[in-house]
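Chain by chain, the residues run as shown.
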Amino acid sequence: MIDLLSSLVSGDINLITSLIWLAIAAGLSIVGGAIGGVLLAGKDLGYELAAMTGGLLGPAGVIPAIFFGLVVLNLLKN
């Protein structure tokens, strides 16, 4: 556990740290998408539907971008 935390803090990119960063980014994008959906379409669609739609569509752009960014960082590091 200490090795995992030290590799996360030091910026070492391996399979485990990549999956952890991907999971963190997916969680934050779900929350951000839900908040954005409520702010943009809350009155028109209803707050719950707007939050669910935003939560589902928020990660659609974030997960591929984070994955691509981690691959590029890994290639630049090597």
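Residues numbered from 1 in each chain as written. Predicted model: local features only at pLDDT ≥ 70, side-chain atom pairs only at ≥ 80, totals over all residues. Heavy atoms only, no water.

Considerations on the packing of helix α2 (residues 15-45) against helix α3 (residues 47-77)
Selection criterion: As a rule, the C-alpha atoms of each element are fitted with a line to give its axis, helices using only the stretch in contact, and angles between N-to-C directions run from 0 to 180 degrees. The helix count covers DSSP runs of H or I at least four residues long, the strand count covers runs of E at least two residues long, and both are numbered beginning at the N terminus. Each helix crossing is assigned a hand: it is left-handed if the near helix lies turned anticlockwise from the far helix by less than a right angle, otherwise right-handed if that turn is clockwise.
Packing of α2 against α3 leaves a shortest axis separation of 5 Å and a crossing angle of 145°. The interaxial crossing formed by α2 with α3 has right-handed handedness.

Examining the packing of helix α1 (residues 2-10) against α2
The test is simple: Any angle that is under 35 degrees is reported as roughly parallel, and any over 145 degrees as roughly antiparallel; angles of 65 to 115 degrees are reported as roughly perpendicular and all others as oblique. The criterion used for residue contact is that any of the two residues' heavy atoms lie within 4.5 Å. Throughout, the ten residues Ala, Val, Leu, Ile, Met, Phe, Trp, Tyr, Cys and Pro are labelled nonpolar, Asp, Glu, Lys and Arg are labelled charged, and all others, Gly among them, are labelled polar.
Two elements in contact, α1 and α2, have axes whose closest approach is 10 Å; the angle formed by their N-to-C orientations is 70°. Viewed along their axes, α1 and α2 adopt a mutual orientation that is roughly perpendicular. Touching Leu4, Ser7 and Leu8 of α1 are Ile16, Thr17, Ile20 and Trp21, all from α2. In terms of residue class, the contact of α1 with α2 is built from 5 nonpolar, 2 polar and no charged.

Overview of α2
For the α-helix, the turn length of 3.6 residues means that residues three or four positions removed from each other point alike. Stated formally: For a residue, the bend is simply the angle between two axes, fitted respectively to the seven-residue segment ending there and the seven-residue segment starting there. Burial here depends on accessible area, computed with a 1.4 Å probe over protein chains only, as a share of the maximum for the residue type. Under 20% is buried, over 50% is exposed, and the range in between is partly exposed. Pairs of N or O atoms within 3.5 Å make up the polar contacts considered here, provided that, within protein, one atom can donate a hydrogen while the other can accept it, and that residues adjacent in sequence are counted only when both atoms are side-chain atoms.
Taken as a whole, α2 carries its principal kink of about 50° at Leu39. Among all positions in α2, only Thr17, Ser18, Leu22, Ala25, Ala26, Ser29, Gly33, Gly37, Ala41 and Gly42 are buried. The opening residue of α2, the one whose side-chain oxygen lies 3.3 Å from the backbone nitrogen of Ile16, is Asn14. Two residues or fewer after α2 comes Gly46, characterised by a positive phi angle close to 100°.

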